[in-house]
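Reading the structure
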Amino acid sequence: MTATNPDSHSGLETGSGLTSPVEAIRDEILKRRRFLITSHARPDGDSIGSQLAMAFALDALGKEVRIVNADAAPDHYQDFPGMDRIEIATRVERPDVDAVIVMECSELGRTGVAGLEHQFLVNIDHHAGNQMYGAVNWHDEASAACGEMVFDVIQALGVELTEEIATHIYLAILTDTGSFHHSNITPRTFDICRQCVEAGVTPAVMARRVFDSNSFGKLKLIGALLDDMELADEGRLAVLHLDDDMLAATGSTNNDTEGLINLPLTAREIQAVVFFKVTQTGEVRVSMRSKYDVDVRKVASEFDGGGHKNAAGFTVSGPLEAVQAGIVQRLVGAIAAGLQARP
Ligand code: AMP
Ligand code: MN
């Protein structure tokens with residue numbers, strides 16, 4: 001069962017007699033008892049929220065659930081319900097489950113978890129270019145967060161939207177829309193959030209927990225990063241650099257880096273940001289963010305990465321000096337194309 005139509009959440013359900021992707025996923029889940037849920041390496045709020053919302057829904061159906069991720073989530077997610085259920089492992093020896101639900105991954109390798117290849121895979125994702133690697137696939141680029149898709153699956157399963165589930169769906173949407181900044185937000189996004197708030201979620205508390213829970217080290221890091229920021233393309237592109245020395249000097253850790261990339265976008269002139277993180281192995285992790293129609297995913301795809309129009313990333317082998325100019329040049333092109341498209 002596949003669906004590549006951007007409107008796939010409704011596209012195949014129109015009385016044609018065909019099963020929609022959501023119905024197919026519902027049927028496969030109801031038939032099975034033991035599940036493993038995974039998501040991409042270096043999980044973000046959408047990964048965590050989508051996984052835990054699904055886990056609580058499967059609990060409600062009396063299923064057995066394991067959650068396995070390659071990396072731990074950033075600290076400010078640790079107090080959310082169910083976080084202690086997540087196992088951190090880069091290999092699962094004998095999964096011993098009836099299905100693996102993979103969230104947020106355009107290919108299975110994005111999980112960073114080995115040993116899942118021959119399982120019954122349920123693929124739920126909203127990133128462009130999904131490889132349809134599952135036995136059941138639901139790919140919907142029109143969803144602002146994978147959490148929106150999980151919401152639909154949970155409804156199809158007939159599970160009540162409890163406060164715990166609503167908290168995780170809202171967390172997924174709040175974070176993956178860049179706190180309601182990105183251009184893929186629809187009326188459906190708010191309709192789901194409305195139902196989450198009716199189920200007991202307090203938006204002010206969620207925003208404070210996710211965005212206003214910085215360490216002092218992170219505040220110092222923000223100062224250092226912005227002090228060091230370079231501008232290109234007549235101020236339309238911001239370039240940020242981070243390495244381990246900077247973390248040490250400011251008393252911060254890798255855990256404190258989430259969201260920093262968004263800071264330059266608060267300047268009116270800046271249309272895109274690129275964030276270079278030099279890792280200990282000498283690889284360069286590149287993250288990009290943009291406004292409106294500036295398509296950074298296109299740039300990421302030239303380097304075997306991926307993501308969305310306004311948020312994308314990839315990793316290249318360094319050194320930084322050898323790769324930076326080419327990436328900046330492509331971003332300048334993306335900004336020109338995006339500005340041209342703007343009404
Ligand atoms: P990040 O900059 O790491 O926060 O990632 C931004 C978006 O791009 C997220 O939706 C990621 O899942 C996606 N992304 C980042 N790196 C890759 C990659 N190497 N391949 C595919 N998607 C990626
Ligand atoms: Mn996502």
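The preceding data block contains the structure.
Please read these numbers as outputs of a predicted model, since none were measured by experiment. (Residues numbered from 1 in each chain as written. Chains lettered and ligands numbered in written order. Predicted model: local features only at pLDDT ≥ 70, side-chain atom pairs only at ≥ 80, totals over all residues. Heavy atoms only, no water.)

**Some remarks on the site of ligand 1**
Formally: Residues are classed as near a molecule or strand on a simple rule: at least one heavy atom within 4 Å of it. Counting of polar contacts relies on pairs of N or O atoms within 3.5 Å, with two restrictions inside protein: one atom must be capable of donating a hydrogen and the other of accepting it, and residues adjacent in sequence are counted only when both atoms are side-chain atoms. Residue-level accessible areas treat just the shown protein chains as cover; the underlying method is Shrake-Rupley with a 1.4 Å probe. For the purposes of this entry, the term helix denotes a DSSP run of H or I that reaches at least four residues, the term strand denotes a run of E that reaches at least two, and both are numbered from the N terminus. Amino acids outside the nonpolar list (Ala, Val, Leu, Ile, Met, Phe, Trp, Tyr, Cys, Pro) and the charged list (Asp, Glu, Lys, Arg) are all regarded as polar, and Gly is one of them. Domain extents, as shown, originate in an automatic or database domain assignment.
Surrounding ligand 1, one finds 14 residues, the nearest of these being R110, H127, R285, S287 and R289. Within the side chain of R289, one N or O atom sits 2.8 Å away from an oxygen atom of ligand 1. The separation between an oxygen atom of ligand 1 and a polar side-chain atom of H308 is 3.5 Å. For ligand 1, whose unbound accessible area comes to 480 Å², protein coverage reaches 85%. Broken down by secondary-structure element, the contributors of at least two residues to the shell around ligand 1 are β10 (283-290), β11 (306-308) and β12 (311-317). Counting residues per element, the shell around ligand 1 draws most heavily on β12, which supplies four residues. Across the shell around ligand 1, the residue classes break down as three nonpolar, seven polar and four charged. Two domains share the shell around ligand 1, each providing at least three of its residues, namely domain 1 (12-211) and domain 2 (216-341).

**Let's talk about the nonpolar core**
Note the cut-off: Among buried residues, the Ala, Val, Leu, Ile, Met, Phe, Trp, Tyr and Cys ones that are joined through side-chain atoms within 4.5 Å form a nonpolar core. Exposure classes here rest on a 1.4 Å probe applied to the protein chains alone. A residue is buried below 20% of its type maximum, exposed above 50%, and partly exposed in between. Residue contacts are counted whenever heavy atoms from the two residues lie within 4.5 Å of one another.
In this structure, I29, M54, I101, I124, V153 and I169 are the most contacted members of the largest nonpolar core, which totals 50 residues. No other element matches helix α3 (residues 45-60), which puts eight residues into this core. Setting aside its immediate chain neighbours within four residues, V153 contacts V22, I25, I29, M54, I124 and W138.

**Notes on the packing of aromatic side chains**
To keep it simple, the criterion reads: Between rings of Phe, Tyr and Trp, where Trp is taken as its six-membered ring, a pair exists when centres lie within 6.5 Å; planes separated by under 30 degrees are stacked, by over 60 edge-to-face, and by other angles tilted.
Scanning the entire structure with this criterion turns up two aromatic pairs. A centroid spacing of 5.5 Å and a plane angle of 20° characterise the contact between F180 and F190, whose relative ring orientation is stacked. Note that F180 is positioned in the loop between α5 (163-176) and α6 (187-198) and F190 in helix α6, a separation of 10 residues in sequence. With centroids separated by 4.5 Å and ring planes inclined at 5°, the aromatic side chains of F303 and F314 adopt a geometry described as stacked. Of the two residues, F303 is situated in the loop between α10 (296-301) and β11 and F314 in strand β12; the sequence distance between them amounts to 11 residues. Residue classification places F314 among the buried residues on the basis of a relative accessible area of 2%.

**Thoughts on the coordination of the manganese ion (ligand 2)**
Quick note on the threshold: With water excluded from the atoms, a metal site may look incomplete; its donors are any N, O or S atoms within 2.8 Å, or within 3.2 Å for Na, K and Ca.
Within the first shell, the manganese ion (ligand 2) binds the protein through D46 (OD), E104 (OE), E104 (OE), H126 (NE2) and D176 (OD), at distances of 2.1 to 2.6 Å. The sequence pattern formed by the donor residues of the manganese ion (ligand 2) is D-x57-E-x21-H-x49-D. Separated by 72 residues along the polypeptide, E104 in the loop between β4 (99-103) and β5 (121-125) and D176 in helix α5 bring together distant segments of the chain. Accessibility assignment for this pair places E104 and D176 in one class, buried.

**What to know about the pattern of salt bridges**
So the rule is basically this: Should a side-chain nitrogen of Lys or Arg be within 4 Å of a carboxyl oxygen of Asp or Glu, the pair is scored as a salt bridge.
For the structure shown, the criterion picks out 18 salt bridges. For R208, the salt bridge is made with D212, and the minimal N-O distance between the two is 2.4 Å. One network of salt bridges, in which partners are shared, links E28, K31 and R32.

Take it as geometry only, folks, not as evidence of what the structure does.
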